[in-house]
Amino acid sequence: MARVILPPQHPLSAGLTGDSRLVRAYRGERSDTTPVWFMRQAGRSLPEYRELRVGTRMLDACLDTALASEITLQPVRRHRVDAGIFFSDIVVPLKLVGVDVEIQPGRGPVFSRGYADAAGVAELTGIDPARLDEASGPITEAVERTVAELNTTDPSTASGQVRSGAATPLIGFAGAPFTLAAYLAEGGPSKDHLAARTLMHADPGAWRALMDWTAELTGRFLRTQVLAGASAAQLFDSWAGALSLADYERHVAPASARALSFVHDLEYETTLREPQDSADAAGAAITRPVPVVHFGVGTGELLGAMHDIGVDTVGVDYRIPLDVAAQRVGADVPLQGNLDPALLAAPWPVLEAAVRDVLARGAAAPAHVFNLGHGVPPETDPTVLTRVVELVHEAGAA
Ligand code: 1CP
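These figures come from a predicted structure and were not determined experimentally. (Residues numbered from 1 in each chain as written. Predicted model: local features only at pLDDT ≥ 70, side-chain atom pairs only at ≥ 80, totals over all residues. Heavy atoms only, no water.)

**Q** Account for the overall build of the chain, with residues named and values stated.
**A** Scanning the chain from terminus to terminus reveals 16 helices and 12 strands. Referenced to the eigenvectors of the C-alpha coordinate spread, the extents of the chain come out at roughly 55 × 50 × 45 Å. Burial status across the chain gives 57% buried among its 398 residues. Side-chain charges in the chain split into 33 positive and 48 negative, and the spacing between the mean points of these groups amounts to 3 Å. (Helix = DSSP H or I, 4+ residues; strand = E, 2+ residues; numbered from the N terminus. Buried < 20%, exposed > 50% of the residue type's maximum accessible area, 1.4 Å probe, protein only. Lys, Arg positive; Asp, Glu negative; His and termini not counted. Charge placed at Lys NZ, Arg CZ, Asp CG, Glu CD.)

This is the structure:
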């Protein structure tokens, strides 16, 4: 695949985020301390979020560029986490190409119908995924706005000064084809994603068409965010844990790899800080790929396969310890995770011990990005999250 060099003003090309704790960890390097961010750090655990969202529907909030940008920045300012994650949703690209979807409070994405058979799939695949690029103006604008703010004032440092090479990076994200298909087939959230799993076996041709289509759509969504200034990309295959390894490898992994092909060609130019082997000299110009993370819930049996689709870092849920995950994916793979979100409501000594245990087990990987094993529960006390960030930064210092 031909490489595309990110423009000079991109935070990675401009030397703003390439040496941040997060981006270094995603390429397997440890820094002064362990970086930390939280899945669903923006959202209902924050009173300032609930206030801003009054009277605005979720998908309207995602497409309001000032609002989406502000909501993205709120947890970075408050908790001093090492990354912002773009405030959006995995169904936003579907909405942008005209699929009838809304996000119901307390429930999640709901479609006006399910797409569980060949006719439904044909209706979707009749929409050209390239149409997303014309409709992506609000995404590009919101990312640009957010990144401009992160680059000039660093909300994660006390002084507000951006450290050289270490501005807070923005993570772009997208839903993996299977997780999107799990909602599309069912027409909404479900426990076991039966409709998708049935379609996969009952009509493999229609399934492949659906996966190809979602792969392109979601891949374009991810690419848009990186081109607009995101410094890393995370593919959420939240519900892949519903699959056997054999089904994952056969019916899902190729589509996830295809989705990532939309960012795998994106690279940035930088100079080497330290010689990495005898052939390299400090100061030598090199190109590096944009780091990519892959995460799913209950995917202990799939971790190796999820790494093999071509990602740098594997996100681990709370069901398997990081040292065991390291054995499964290989000792050279950075890991992200994996505090059980339930612990956020436990007494501090219990939570503190659990955070320290995650950090200790994370030492089995070449680099570790502290996170939860899934999203922040809405009822979480946000001051607890700030305290966890402080603890990780203090205890994770080398
Ligand atoms: O009421 C509200 O405020 C809406 C709740 C909400 C929020 C804040 C939804 C509905 N989506 C989001 C934002 C969101 N969605 C982010 C923002 C950035 C951040 O993490 O801070 C991200 C990364 C997502 C991605 C997303 N949406 C995933 C993958 C991550 C995961 O949690 O596994 C999934 C599965 C969705 C679908 C979705 N959207 C919303 C809900 C409640 C759900 C899950 C529904 C279900 O359980 O099936």
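**Q** Residues and numbers for the site of the ligand, please.
**A** Neighbouring residues of the ligand: 25 residues in total, closest R40, Y49, Y183, S238 and H374. Between an oxygen atom of the ligand and a main-chain N or O atom of Q41, the distance comes to 3.1 Å. Protein chains bury 89% of the 890 Å² of accessible surface belonging to the ligand in isolation. Put simply, the ligand lies in the largest pocket. Taken together, the elements giving at least two residues each to the shell around the ligand come down to α2 (47–53) and β4 (108–111). A breakdown of the residues in the shell around the ligand according to their chemical character gives 15 nonpolar, 5 polar and 5 charged. (Near = heavy atom within 4 Å. Polar contact = N/O pair within 3.5 Å; in protein donor to acceptor, adjacent residues only side chain to side chain. Areas by Shrake-Rupley, 256 points an atom, 1.4 Å probe, with all protein chains shown as cover. 1 Å grid on protein atoms, 1.4 Å probe; cavity = no way out; pocket = protein on both sides within 12 Å on 5 of 7 lines; lining within 4 Å. Sits in = over half its atoms within 2 Å of the grid points. Nonpolar A, V, L, I, M, F, W, Y, C, P; charged D, E, K, R; others polar.)

**Q** Now, about the layout of surface pockets: what can you tell me, with residues and values included?
**A** Computed from the structure, the largest pocket encloses a volume of approximately 1300 Å³. Listing elements by their share of the lining of the largest pocket, those giving two or more residues are α2, β3 (101–104), β4 and α9 (177–186). Along the lines of polarity and charge, the residues of the lining of the largest pocket split into 21 nonpolar, 13 polar and 8 charged. (Points joined across faces, edges and corners; volume = space filled by probe spheres on them.)

**Q** Which residues make up the nonpolar core, and what values do they have?
**A** Within the largest apolar cluster, 129 residues are counted, with the highest numbers of intra-cluster contacts made by W37, W207, Y248 and V388. Ranked by residue count, the leading element in this core is helix α11 (residues 204–228), at 11 residues. When sequence neighbours within four positions are dropped, the list of residues in contact with V388 reads F38, L344, W348, L351, V355 and F370. (Core = buried A, V, L, I, M, F, W, Y, C linked by side-chain atoms within 4.5 Å. Contact = heavy atoms within 4.5 Å.)

**Q** So what about helix α4 (residues 65–79)? Which residues, and what values?
**A** Between the first and last C-alpha of α4 there are 22 Å, a value that for 15 residues agrees with the 21 Å anticipated at 1.5 Å per step. Most of α4 is tucked away: 11 of the 15 residues are buried. Lining the buried residues of α4 we find α2, α3 (58–63), β2 (84–85), α8 (137–152), β5 (170–175) and α16 (382–395). Between a side-chain oxygen at the N-terminus of α4 and the backbone nitrogen of A66 the separation is 3.2 Å; the capping residue is D64. Trailing α4 by a residue or two, R80 shows a phi angle of about 55°, which is positive. (Expected span 1.5 Å × (residues − 1).)

**Q** So what about helix α15 (residues 348–362)? Which residues, and what values?
**A** Spanning 15 residues, α15 covers 21 Å between terminal C-alpha atoms, matching the ideal 21 Å at 1.5 Å per step. Buried within α15 we find W348, L351, A354, V355, V358, L359 and G362. For α15, the buried positions fall inside an angular range of 135° around the axis, keeping them on one side. Exposed side chains of α15 directed beyond 90 degrees from the buried face belong to P349 and A360. On its buried face, α15 sits against α14 (322–329), β11 (335–339), β12 (368–372) and α16. (Arc of directions from axis to C-beta.)

**Q** So, the sheet that holds β2: which residues are in play, and what are the values?
**A** Ordered in space as β2-β5-β6-β9-β10-β11-β12, the 7 strands form an open sheet in which the pairing is parallel. In the strand order of this sheet, the two ends are held by β2 and β12, each with one partner. As paired elements, β11 and β12 share 5 bridges and run parallel to each other. Paired with G337 across the strands is F370, a residue of β12. Sitting on the sheet, α11 touches β5 and β6 (232–236), and the angle it makes with β5 is about 170°. (Pairing = 2+ DSSP bridges. Axes fitted to C-alpha atoms, helices over the stretch in contact; angles between N-to-C directions.)

**Q** Break down the environment of H374 for me, citing the residues and quoting the values.
**A** Counting through the fold element by element, H374 comes out in the loop between β12 and α16. Judged by its relative accessible area of 26%, H374 is partly exposed. In this structure the C-alpha to C-alpha distance between H374 and G126, which are 248 residues apart in sequence, comes to 34 Å.

**Q** So what's going on with the packing of aromatic side chains? Which residues, and what values?
**A** The tally for this structure, following the rule as stated, stands at 6 aromatic pairs. Seen in terms of ring centroids, F173 and F221 are 6.5 Å apart; in terms of plane orientation they differ by 85°. Their pairing is edge-to-face. With F173 in strand β5 and F221 in helix α11, the pair connects residues that are 48 residues apart, well separated along the chain. Take F221: its relative accessible area is 0%, and that puts it in the buried class. Taken together, the aromatic side chains of F173, F221, F236 and F295 make up a single cluster linked through ring pairs. Directly above the aromatic system of W348 lies the positively charged group of R387, at a separation of 4.0 Å from the ring centroid. (Phe/Tyr/Trp six-rings, centres within 6.5 Å; stacked < 30°, edge-to-face > 60°. Lys NZ or Arg CZ within 6 Å of the ring centre and 35° of its normal.)

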